[in-house]
Amino acid sequence: MLTRRRRPSAPSYLRARGRPNAPSDLRTHECLVHGEANASTVWRFGMDPGKGVPVPVRGRFAANNSEAVALMARQGLGVALLADWFVRDDIKRGRLVPLLEDFVTPPAPVFALSPPGRFSSTTVRALTEHLAAGLAARLERKSQPLG
């Protein structure tokens, strides 16, 4: 299952640092890295996962948790790359502003994990299938354009 991603930032960050107008502008912005702080991070622009125009980004802040990245973005610490459904309410309420909307990023995968082998049961598989169907429908509704 895949979900659309957005690049939002807080209005306070944009007032202080300006608004990026093209993906290459992100090279001069504080980007909130989702993962290891010292790892090189590349955001891709284009529809195909693993393809598209690579843009190396960097920033002083990183987290391996979407909640933490969203909180840093709300606090005006930089530009984030997060799932559309995850920041939708923040965008509607004006806490975050979507950036570079004319430039598409590859959708992000959503995974359900369960223990391998003997712990996999028909009950776990049935629950996973039920959650996947419900999440897919929810993501589809929430990924509709803001209006």
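Because the structure is predicted, anything quoted here is derived from the model rather than measured.

1. Observations regarding the side chain of Thr105
With respect to the helices and strands, the residue Thr105 is situated in the loop between β8 (97-99) and β9 (108-109). By relative accessible area, which is 6% here, Thr105 ends up buried.

2. Things to note about the packing of aromatic side chains
Taken as a whole and judged by the stated rule, the model has 1 aromatic pair. Centroid distance Trp85 to Phe86: 5.6 Å. Interplanar angle 75°. Geometry classified as edge-to-face.

3. Concerning the pattern of salt bridges
Under the counting rule described, the total for this entry stands at 8 salt bridges. Arg6 is the salt-bridge partner of Glu101, the closest N and O atoms lying 2.9 Å from each other. One end of the pair, Glu101, is in the loop between β8 and β9; the other, Arg6, is in strand β2 (residues 5-9), with 95 residues separating them in the sequence. With its nearest N and O atoms 2.8 Å apart, the salt bridge here joins Asp89 to Arg93. Judged by relative accessible area, Asp89 falls into the partly exposed class, the value being 40%. Classification of Arg93 by relative accessible area gives exposed; the value is 57%. Residues joined by salt bridges that share partners form a network here, namely Arg74, Asp89, Asp90, Arg93 and Arg95.

4. Things to note about the environment of Ala16
As for its placement among the helices and strands, Ala16 is situated in helix α1 (residues 11-17). Judged by relative accessible area, Ala16 falls into the exposed class, the value being 65%. In sequence terms Ala16 and Gly76 are 60 residues apart; their C-alpha atoms lie 9.1 Å from each other.

5. Concerning unusual backbone geometry
Located in the positive-phi region is Leu100, a residue other than glycine, with phi close to 50°. Position of Leu100 relative to the elements: it lies in the loop between β8 and β9. Given the relative accessible area of 7%, Leu100 is considered buried.

6. A look at the environment of Asn65
The topology assignment puts Asn65 in the loop between β6 (62-63) and α2 (66-74). With a relative accessible area of 37%, Asn65 lands in the partly exposed category. Each C-alpha atom, one on Asn65 and one on His34, is 6.9 Å from the other, the two residues being 31 residues apart in sequence. Separated by 3.0 Å, the side chain of Asn65 and the backbone nitrogen of Ala68 make a polar contact.

Conventions used here
Residues numbered from 1 in each chain as written. Predicted model: local features only at pLDDT ≥ 70, side-chain atom pairs only at ≥ 80, totals over all residues. Heavy atoms only, no water. Helix = DSSP H or I, 4+ residues; strand = E, 2+ residues; numbered from the N terminus. Buried < 20%, exposed > 50% of the residue type's maximum accessible area, 1.4 Å probe, protein only. Phe/Tyr/Trp six-rings, centres within 6.5 Å; stacked < 30°, edge-to-face > 60°. Salt bridge = Lys/Arg side-chain N within 4 Å of Asp/Glu carboxyl O. Polar contact = N/O pair within 3.5 Å; in protein donor to acceptor, adjacent residues only side chain to side chain.

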